[in-house]
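The lines below spell out each chain.
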Amino acid sequence: MQITIDTKDPEAQVAFWCLLLDYRPKPPPEGFDSWRAWYVSVGIPEDELGDGDCQDRIEDPRGQDPPIWFQPVPETKVVKNRVHVDVRLNAGRHVPIEERARVVEAKAAELEAAGATRVRLLNETDNHYAVVMQDPEGNEFCLT
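Residues numbered from 1 in each chain as written. Predicted model: local features only at pLDDT ≥ 70, side-chain atom pairs only at ≥ 80, totals over all residues. Heavy atoms only, no water.

(A) Broad picture of the overall build of the protein. Each helix and strand counted, the protein has 4 helices and 8 strands in total. Overall, the protein shows an N-to-C arrangement of helices and strands of β-α-β-α-α-β-β-β-α-β-β-β. Its C-alpha atoms put the protein at 55 × 35 × 25 Å along the principal axes. Residue burial in the protein is summarised as follows: out of 144 residues, 38% are buried. Counting only carbon and sulfur atoms, one obtains 52% of the accessible surface of the protein, whose full area is about 8600 Å². Taken as two groups, the 16 positive and 27 negative side-chain charges of the protein have centres that lie 7 Å from each other. (Helix = DSSP H or I, 4+ residues; strand = E, 2+ residues; numbered from the N terminus. Buried < 20%, exposed > 50% of the residue type's maximum accessible area, 1.4 Å probe, protein only. Areas by Shrake-Rupley, 256 points an atom, 1.4 Å probe, with all protein chains shown as cover. Lys, Arg positive; Asp, Glu negative; His and termini not counted. Charge placed at Lys NZ, Arg CZ, Asp CG, Glu CD.)

(B) Main features of a negative patch on the surface. A cluster of acidic side chains, namely D9, E11, D51 and D53, defines a negative patch on the protein surface. Looking at the secondary structure, you find D53 in the loop between helix 3 (46–49) and strand 3 (57–59). (Patch = residues over 30% accessible without salt bridge, like charges linked within 9 Å, V, L, I, M, F, W, Y side chains within 5 Å. Salt bridge = Lys/Arg side-chain N within 4 Å of Asp/Glu carboxyl O.)

(C) Main features of unusual backbone geometry. Look at D22: it is not a glycine, yet its phi comes out positive at around 60 degrees. Position of D22 among the secondary structure elements: in the loop between helix 1 (10–21) and strand 2 (24–25). Assessed through its relative accessible area of 58%, D22 is described here as exposed. Unusually for a residue other than glycine, C54 sits at a positive phi of about 70 degrees. Its place among the elements puts C54 in the loop between helix 3 and strand 3.

These figures come from the coordinates and say nothing about function on their own.
Structure, rendered in structure tokens:
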């Protein structure tokens, strides 16, 4: 399984989501020194690839969570996501709410500096703290 996110700028999304998830860029398949070389080998015309090495995939360095492919598309995002990613930064509700809030707010500030947008704070109960955000292209995710 892999998660696929439509994007206008795969390389920028790779950098942002690596920061968000503590992922790393996924290396090209064995025998290829770049994703561009691999895409050309499977018949994608050079004029469709743009500039750069076509790095458009990331992976969990621990190998536990699914890889993500940033699929290039011509259109921008126009409606709310029907699926979003919840990024769990804390060890669970046994951690005091003040500590969970501090961790979430620190990551939210780091991501805002990298181009994310804060949408709203979620704390429906006294023991829940999360921030809804959007990546630089408007894809929603939650920090909990």
